[in-house]
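Secondary and tertiary structure notes
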Number of protein chains: 2
Amino acid sequence: MNGLIDSIGLAAGLLTTTAFIPQVWKIYRTKSGKDISARMFSLFSAGIVLWLIYGVLLQSVPLILSNAVTLVLSLTIIGLKLRYREPR
Amino acid sequence: MNGLIDSIGLAAGLLTTTAFIPQVWKIYRTKSGKDISARMFSLFSAGIVLWLIYGVLLQSVPLILSNAVTLVLSLTIIGLKLRYREPR
């Protein structure tokens, strides 16, 4: 049963994590991220750090793995947005 | 101890969930979501459904609450992006 639960968690993590890849690619390709909310991704990244801690405390491998990767991708999106922002 | 773990999970969920609100607001305010990756939010929403199931199986209140709200917000972002897309 634990195997089934972990499989669902891993599938969940695979989807929510890989979801960020098209967004990273889209900003990189268009060199534009002005419709991206930096506030969203900053709050989100802070939350992901807490989910990572929650996963460690629950000893949940799916939570630990997916939040570690998601954190890197979310920070990458913020970095790309800042890199391509328009001069005011 | 469980109270502490749940508190961390709830704080995590509060952050990752409220993170979506500025993004919803930004698309609504600018009437533009062209830099938003619909593919990202579709994959993400599918993953959130699985996290919700994972949360139910683990009986994790933070996972259930935050993923239920996040799912609504993520689907709202897709809906707004489609609503404001430019004619080709």
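Structure's up top.
All of the points below concern the structure found in this document. Residue numbering note: each chain is counted from 1, following its sequence as written. All chains are assigned letters beginning at A, and all ligands numbers beginning at 1, according to the order in which they are written. Selection of residues for local features in this predicted model requires a pLDDT of at least 70, selection of side-chain atom pairs for listing and counting requires 80 or more, and totals for whole chains, interfaces and linings are taken over all residues. Excluded from the side-chain calculation are hydrogens and water; included are all heavy atoms of the structure.

**With respect to helix α2 (residues 20-30) of chain A**
A 1.4 Å probe rolled over the protein chains alone gives each residue an accessible area, and that area as a share of the maximum for its type sets the label: buried under 20%, exposed over 50%, partly exposed in between. Going along the chain from the N terminus, every DSSP run of H or I of four or more residues is numbered as a helix, and every run of E of two or more is numbered as a strand. Taken residue by residue, α2 of chain A has F20, P22, Q23, V24, K26 and I27 of chain A as its buried positions. In this description, contact between two residues means that some pair of their heavy atoms is separated by no more than 4.5 Å. Elements that come into contact with the buried residues of α2 of chain A comprise α1 (2-18), α3 (38-58) and α4 (61-83) of chain A together with α3 (38-58) and α4 (61-83) of chain B.

**Some words on the packing of α3 of chain A against helix α2 (residues 20-30) of chain B**
Angles here are taken between N-to-C directions and fall from 0 to 180 degrees, while the axes themselves are lines fitted to C-alpha atoms, restricted in helices to the stretch in contact. Contact geometry for α3 of chain A and α2 of chain B: axes closest at 7 Å, N-to-C directions at 170 degrees. Relative to α2 of chain B, the element α3 of chain A is oriented roughly antiparallel. Every residue of α2 of chain B that contacts α3 of chain A at R39, M40, F41, L43 and F44 of chain A is listed here: F20, P22 and Q23 of chain B. Gly falls in the polar group here, along with every residue not listed as nonpolar (Ala, Val, Leu, Ile, Met, Phe, Trp, Tyr, Cys, Pro) or charged (Asp, Glu, Lys, Arg). Class assignment for the residues of the contact of α3 of chain A with α2 of chain B results in six nonpolar, one polar and one charged. In this scheme, roughly parallel covers angles under 35 degrees and roughly antiparallel covers those over 145, while 65 to 115 is roughly perpendicular and the rest are oblique.

**Quick word on the interface of chain A and chain B**
Contact residues are listed per partner, giving 41 residues for chain A and 41 residues for chain B. Summing both sides of the interface, chain A and chain B together bury roughly 3,600 Å²; the carbon and sulfur share of this comes to 74%. By buried area we mean how much accessible surface two parts lose on assembly, using a 1.4 Å probe and totalling the loss over both. The largest per-residue losses of area from chain A upon contact with chain B belong to D35, W51 and Y54 of chain A, which jointly make up 20% of the total buried on that side. For this document, the term salt bridge refers to a Lys or Arg side-chain nitrogen within 4 Å of an Asp or Glu carboxyl oxygen. Counting every contact that joins chain A to chain B gives zero salt bridges. Polar contact is the term for a pair of N or O atoms within 3.5 Å; when the atoms are in protein, one must be able to donate a hydrogen and the other to accept it, and sequence-neighboring residues count only if both atoms are side-chain atoms. For the pair chain A and chain B, the number of links is 17 residue pairs in polar contact (both at pLDDT 80 or more). It is α3 of chain A that contributes the most residues to the side of chain A that touches chain B, 14 residues altogether. Split into classes, the residues belonging to the side of chain A that touches chain B amount to 24 nonpolar, eleven polar and six charged.

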